[in-house]
Amino acid sequence: MGPGAVLRGRYRLRRPLGRGAMGRVWQGEDLHLQRPVAVKTVAAELLADEEGRAYALRRFEREAKAAAALDHANVATVHDADITDETCWLVMQLVDGATLGALVDERERLDTVSAAAVAAQLCAGLSAAHAAGLVHRDLKPENVMVRRDGVVKILDFGLVKLLADSGPRLTSTGEYLGNFLYASPELLTGEGKVDGRSDLYAVGCLLHHMLTGAPPFPEGEPLLLLDRHLRESPPALADRGAEDVPAALQELVTALLAKAREDRPASAAEAYALLGPFLPAAAPGPAALRRFHPEDPRRPFVLPQGPYPV
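None of the values given here were measured: they were computed from a predicted structure. (Residues numbered from 1 in each chain as written. Predicted model: local features only at pLDDT ≥ 70, side-chain atom pairs only at ≥ 80, totals over all residues. Heavy atoms only, no water.)

*Asks:* A description of the overall build of the protein chain should follow, citing residues and the corresponding values.
*Replies:* The secondary structure content of the protein chain amounts to nine helices and nine strands. Within the protein chain, the proportion of its 310 residues that are buried is 49%. For the protein chain, restricting intrachain contacts to residue pairs at least 6 apart in sequence, the fraction spanning at least 24 positions comes to 64%. As presented, the protein chain carries roughly 14,400 Å² of accessible surface, and 52% of it is formed by carbon and sulfur atoms. (Helix = DSSP H or I, 4+ residues; strand = E, 2+ residues; numbered from the N terminus. Buried < 20%, exposed > 50% of the residue type's maximum accessible area, 1.4 Å probe, protein only. Contact = heavy atoms within 4.5 Å. Areas by Shrake-Rupley, 256 points an atom, 1.4 Å probe, with all protein chains shown as cover.)

Structure, rendered in structure tokens:
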């Protein structure tokens, strides 16, 4: 399946946007509505062996429907999904912006209020997903888009849980779901049920990355990185050059990166509330003369969308 291919007579693949362990992402076009879309394709062979493939494909359909039901400003919308020629595909909103990874690389690190605003929007989107019974499991800078107006969009709900349950097959690509750098201890060990607090660990890793310019445990040998996630305390932000970060925000990052799930914030909504004191205040000027609603997408860094219901 390559450029020019048309899925179900409607979605034309234009050019590849990225590739990873989970498949490929394409810039595409909805020929019926004449709008740009993003299309994620995953070969069915990645989902399961021959015996389990029929079950895996049914699971794909259920997961895609659950993701499509999510309606939140901080989650990229799923428009369509199907299976064509043993390829599973999701059609998603095409976000005009940059990945969080590209944004941090460009600026080296984010200031406190910008990092808090991004993290708050992540928690807002995760709150809606967790309420719907979805756990992302693979939050990383490449799966977070920052739109040109500052709205943060979480990508890839719908395929992640299905692929996570496929087990060791994913390791053949050299990657592990969660990408090691941002994966929780329980996700890496497979011990116990993975819940929303695993995503909060990833938020802690992303916050550390935004504030210091690097994840808490730098890239290295997979087994060494695994051991650090399981046993080593994360370095203090000040030790990584972020001396200007308030002590209370350092405490929150430490709590998010707790090895035991029960030591982390209990929910994404609770983490959002803890980020509240660090969010930016409204700037003076003409825009400040009128009232903004919390969900107003034009001012996400002033009033990031809150989780609903709180």
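Here the narrative resumes, following the displayed structure.
*Asks:* Report on the UniProt feature "binding site: ATP" (unreviewed entry) in the protein chain, specifying residues and quantitative values.
*Replies:* The positions UniProt marks with the feature "binding site: ATP" (unreviewed entry) are Lys40. Note on placement: Lys40 falls in strand β4 (residues 35-43). By relative accessible area, Lys40 is classed as buried at 7%. (UniProt positions renumbered as here; feature names shortened; annotations may be inferred.)

*Asks:* Explain the nonpolar core residue by residue, including any values.
*Replies:* In this structure, Leu100, Leu139, Phe157, Leu207, Met210 and Leu275 are the most contacted members of the largest nonpolar core, which totals 65 residues. Element by element, the count of residues in this core is highest for helix α3 (residues 112-131), at eleven residues. With sequence-adjacent residues up to four places away left out, Leu275 is seen in contact with Ala116, Ala119, Ala120, Cys123, Leu207, Leu249 and Leu252. Counting residues in hydrophobic clusters, the runner-up holds eight residues, among them Leu7, Trp26, Val37 and Val39. (Core = buried A, V, L, I, M, F, W, Y, C linked by side-chain atoms within 4.5 Å.)

*Asks:* Outline the environment of Asp239, supporting the account with residue identities and numerical values.
*Replies:* Along the polypeptide, Asp239 turns up in the loop between α7 (222-231) and α8 (247-256). On the basis of relative accessible area, Asp239 is assigned to the exposed category, the value being 65%. For the pair formed by Asp239 and Thr212, sequence separation is 27 residues and the distance between their alpha carbons is 9.2 Å.

*Asks:* Describe helix α6 (residues 196-212), naming the residues involved and giving the relevant values.
*Replies:* Its 17 residues give α6 an end-to-end C-alpha distance of 25 Å, which sits within 8% of 24 Å, the value for a rise of 1.5 Å per residue. Within α6, 16 of the 17 residues are buried, leaving the element largely enclosed by the surrounding structure. Residue Gly213 follows α6 closely and has a positive phi angle near 95°. (Expected span 1.5 Å × (residues − 1).)

*Asks:* Describe the environment of Ile83, naming the residues involved and giving the relevant values.
*Replies:* Structurally, Ile83 can be placed in strand β5 (residues 78-84). Residues Ile83 and Ala43, spaced 40 residues apart in sequence, show a C-alpha to C-alpha distance of 9.5 Å. Not counting chain neighbours up to four residues away, the residues in contact with Ile83 comprise Leu57, Phe60, Cys88 and Trp89.

*Asks:* I'd like to hear about the sheet that holds strand β9 (residues 152-154), residue by residue, with values.
*Replies:* Strands sit in the order β7-β8-β9 across an open sheet of three strands; the sheet is antiparallel. With one partner strand each, in any of the chains shown, β7 (97-99) and β9 form the two edges of the open sheet. The sheet shows a mean angle of 30° between the axes of neighbouring strands, direction not considered. In the packing of helix α2 (residues 100-107) onto the sheet, contacts are made with β7 and β8 (144-147), and the angle to β7 comes to roughly 85°. (Pairing = 2+ DSSP bridges. Axes fitted to C-alpha atoms, helices over the stretch in contact; angles between N-to-C directions.)

*Asks:* A description of the pattern of salt bridges should follow, citing residues and the corresponding values.
*Replies:* All told, the structure shown has 14 salt bridges when counted by the stated rule. For Asp30, the salt bridge goes to Arg10, with nearest N and O atoms at 2.9 Å. Taken as a pair, Asp30 in strand β3 (residues 23-30) and Arg10 in the loop between β1 (6-7) and β2 (11-20) lie far apart in primary sequence, 20 residues in all. On the basis of relative accessible area, Asp30 is assigned to the buried category, the value being 0%. Beyond isolated ion pairs, a larger network of salt bridges with shared partners links Arg8, Asp80 and Asp82. (Salt bridge = Lys/Arg side-chain N within 4 Å of Asp/Glu carboxyl O.)

*Asks:* Describe the environment of His72, and please don't skip the residues or the numbers.
*Replies:* Along the chain, His72 turns up in the loop between α1 (53-68) and β5. C-alpha separation for the pair His72 and Ala124, spaced 52 residues apart in sequence, amounts to 8.4 Å.

*Asks:* Please give an account of the pairing of β3 that cites residues and values.
*Replies:* Strand direction decides the pairing type here: β3 and β4, joined by seven bridges, are antiparallel. Among the inter-strand pairings, Gln27 is bridged to a residue of β4, identified as Ala38.

*Asks:* An account of the side chain of Thr112 is needed here, citing residue identities and associated values.
*Replies:* Among the secondary structure elements, Thr112 is positioned in helix α3. Sequence-distant contacts of Thr112, defined by excluding residues within four places in its chain, comprise Leu211, Asp244, Val245, Pro246, Leu249 and Phe278.

*Asks:* Tell me about the pairing of β8, and please be specific about residues and values.
*Replies:* As defined by bridge partners, β7 adjoins β8 across three bridges and the pair is classed as antiparallel. Across the sheet, Ala98 pairs through a bridge with Val146, a residue of β8. Two elements, β8 and β9, share three bridges in a ladder whose sense is antiparallel. Across the sheet, Val144 pairs through a bridge with Ile154, a residue of β9. Between β8 and the antiparallel strand that follows it, β9, lie four residues; Gly150 among them carries a positive phi value of about 100°.

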